[in-house]
Amino acid sequence: MSNNTLNTFSVNSKRITKGALKVPFKELTLSNGEKILLQTVEGCPENFPNQPKITSGWTESYQDGDARKVKKTQLDYAKKGVITPQMEYVAIRESFCTSDEGKMAFTPEDVCNTIAQGRAVIPANINHPEAESMIIGAKYSVKVNANIGASAIGSDYSKELEKLRFSLQFGADTVMDLSVGIEGIPELRNAILRASPVPLGTVPAYEALDRAEGNIKKLTWDLFRDTVIAQARQGVDYFTIHAGLLHDYLPYAAQRILGIVSRGGSIMAECMMSQGTENMAYEHFDELLEICHDYDVALSLGDGLRPGCINDACDKAQYGELKTIGELAARCYKAGVQCFIEGPGHVAMDKIEENQRLQEKYCNYAPFYTLGPLVTDIAPGYDHITSAIGGSQIAAFGTAMLCYVTPAEHLALPNAEDVKTGLITYKLAAHAADLAKGLPGAKIRDDAMARARADFRWFDQFALSLNPEHAYKVWKSQMPDNCSHEASFCSMCGPRFCPIRLNRVLKNKFKDTL
């Protein structure tokens, strides 16, 4: 971007302090003196492996051999009415992107209460002190997860850390490492953890199958459990585990066009069919809860039977699994383990609200985390758009976190540019939902953009956009070479036919009538 841009607005780091807590924000100062606060994180992958350990010492813990474990989880504390530093931190993060820094839109007591009700979670593994606390819940801003991860076909450490960098630059609230089929998965995951200031999720079944040498018949409970323990000790903040996919639901899945499209779900289903057993994660769920409680790992109860096409949506397989997940969520709550619920998938627009309401009914309002949903099946290469259409709607109905979809969905392993495009698209979808929910402070940035447009403050408009560089390039590409940032037109209408200029005449004529 040209130097003119840097001369008309500035972005500075700002920390809001409360006691010993220092919560980072970006403070955007526009050319007219307006200041806008934007959420950010303290750390960045460039600091790897020397990220600040923000939450070190925040949680009471003990040593069990070489493992560091918690005495109480965030849910345990919340049930007792104890406000933790993590709860205070997220209350500040959620509150201060507003016009009034003296008033908290969300108090630590609010946060504590919603966690105690099982309606929000703070993914916060005791062994991931680099992660800066964030909250997932319908009451708060809609969060966006970015999936990264290598496969046997492509990518490596440097590429995955580049994807992490892009994820953070464009606003990912959490990241999932979905690496499969490569050597050194634990080492790669450790590199991502130590470089990540946002919570990290995984699907342990992937590494478990790698440990079984890709042979589903060798995938035992002992091997699965050991994988879960190893990842928890490393610092993984939440696990997606498809424990609700029961043997009874497989015949319904067999009647679909696409059957089972979840990679983790297909592993569990194949294991059941080849070994003639029930879902091992379901049968040993209490042991999983003990492990998750030891490290305060949140459980993301996976939708292994999510629909892979519009035709398969809302069937007995999907909704049967959802009911079972609701029963497992109740067991999580009783055990003091934070959990949230994964959702579809491909769903036509007229069924989106039904999915949200059934999830609330079956799962007692535990936070919902959805992939899209994609509202049509005909857009390979553009599925970040088809899914964001559904994602914005379901988030407006109450979904707490959206899993982004990139242009590579259904086609290829996403690269760094796909990550960037997917995140920008989903941050837009999440923000649209925040506006629809009437979230405190959600409209501040939009109103600032409207005022900048009314005043032809072009570079302020770029600064307020999700991708300033792109906005500037689009504007500049068809403007005269000698055009300044004060131009009172764009190339759409030119200098003679711009309707925005009429606004000044309109306001002046009727300034005394209202």
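Residues numbered from 1 in each chain as written. Predicted model: local features only at pLDDT ≥ 70, side-chain atom pairs only at ≥ 80, totals over all residues. Heavy atoms only, no water.

**Digging into the packing of aromatic side chains**
This is how it is decided: Between 30 and 60 degrees the pair is tilted, below 30 it is stacked and above 60 it is edge-to-face, where a pair is any two Phe, Tyr or Trp rings, Trp via its six-membered ring, whose centres lie within 6.5 Å. Counting from the N terminus, the helices are DSSP H or I runs at least four residues long and the strands are E runs at least two residues long. Per-residue accessibility, obtained with a 1.4 Å probe over protein chains only, is compared with the maximum for each type, and a residue is labelled buried under 20%, exposed over 50%, and partly exposed between these values. The criterion is that NZ of a Lys, or CZ of an Arg, lies within 6 Å of the ring centre and within 35 degrees of the ring normal, and then a charge sits over that ring.
All told, the structure shown has 14 aromatic pairs when counted by the stated rule. When the centroid spacing of 5.6 Å and the interplanar angle of 55° are considered together, the rings of Trp-58 and Tyr-89 count as tilted. Of this pair, Trp-58 sits in the loop between β3 (35–39) and β4 (61–64) while Tyr-89 is found in helix α3 (residues 85–95), placing the two residues 31 residues apart along the sequence. The buried category is assigned to Tyr-89, whose relative accessible area is 1%. Pairwise contacts between aromatic rings join Phe-456, Trp-458, Phe-459, Phe-462, Tyr-472 and Trp-475 into one cluster. Across from the ring centre of Tyr-333, 4.1 Å away, lies the NZ or CZ of Lys-79, which sits over that ring. The ring of Tyr-365 carries Arg-119 above its face, with NZ or CZ at 4.3 Å from the centroid.

**Section: the environment of Val-180**
Going by this rule: For this analysis, residues touch if any pair of their heavy atoms sits within 4.5 Å.
Structurally, the position occupied by Val-180 is in the loop between β9 (174–177) and α6 (185–195). Along the primary structure Val-180 and Ala-152 are separated by 28 residues, whereas in three dimensions their C-alpha atoms are 6.9 Å apart. Setting aside its immediate chain neighbours within four residues, Val-180 contacts Ala-150, Ser-151, Ala-152, Ile-185, Tyr-206, Asp-210 and Arg-263.

**A word on the sheet that holds strand β1 (residues 10–18)**
We count it as follows: Pairing between strands requires that DSSP locate at least two bridges from one strand to the other. Here, axes are lines fitted to C-alpha atoms. For helices the fit covers the stretch in contact, and angles between N-to-C directions go from 0 to 180 degrees.
With respect to topology, three strands assemble into an open sheet ordered β1-β2-β3, the strand pairing being antiparallel. Two strands close off the open sheet at either side, each with one partner strand: β1 and β3. Ignoring strand direction, the axes of neighbouring strands in this sheet form an average angle of 40°. As paired elements, β1 and strand β2 (residues 21–29) share nine bridges and run antiparallel to each other. Counted as the bridge partner of Lys-18 is Leu-21 from β2. Sitting on the sheet, α3 touches β1, β2 and β3, and the angle it makes with β2 is about 10°.

**Side note on the UniProt feature "binding site: [4Fe-4S] cluster" (unreviewed entry) in the chain**
So the rule is basically this: UniProt positions are given in the numbering used here, feature names are shortened, and annotations may be inferred rather than shown by experiment.
Mapped onto this numbering, the UniProt entry annotates "binding site: [4Fe-4S] cluster" (unreviewed entry) at Cys-490, Cys-493 and Cys-498. Here Cys-490 lies in the loop between α19 (468–477) and α20 (502–509). Once residues lying within four places of it in the same chain are set aside, the contact partners of Cys-490 are Trp-458, Trp-475 and Met-479. Residue placement: Cys-493 occurs in the loop between α19 and α20. Of the residues examined, Cys-493 reaches a relative accessible area of 31% and is grouped as partly exposed. Contacts of Cys-493, omitting those with residues within four sequence positions, involve Cys-498 and Pro-499.

**Re the UniProt feature "binding site: Zn(2+)" (unreviewed entry) in the chain**
This is how it is decided: Two N or O atoms count as a polar contact when they lie within 3.5 Å, although within protein this holds only if one can serve as hydrogen donor and the other as acceptor, and sequence-adjacent residues are included solely when both atoms are side-chain atoms.
Mapped onto this numbering, the UniProt entry annotates "binding site: Zn(2+)" (unreviewed entry) at His-346 and His-410. Over a stretch of 65 residues, the named residues converge on one spot in the fold, their C-alpha atoms separated by at most 12.2 Å. By the element assignment, His-346 lies in the loop between β13 (339–343) and α14 (352–363). What makes His-346 buried here is its relative accessible area of 7%. Sequence-distant contacts of His-346, defined by excluding residues within four places in its chain, comprise Pro-307, Gly-308, Cys-309, Ile-310, Ala-313, Leu-374, Thr-376, Asp-377 and His-410. In this structure the side chain of His-346 is engaged in a polar contact, spanning 2.8 Å, whose partner is the side chain of Asp-377. Relative to the elements of secondary structure, His-410 occurs in the loop between β15 (401–403) and α16 (416–437). Setting aside its immediate chain neighbours within four residues, His-410 contacts His-346, Leu-374 and Asp-383.

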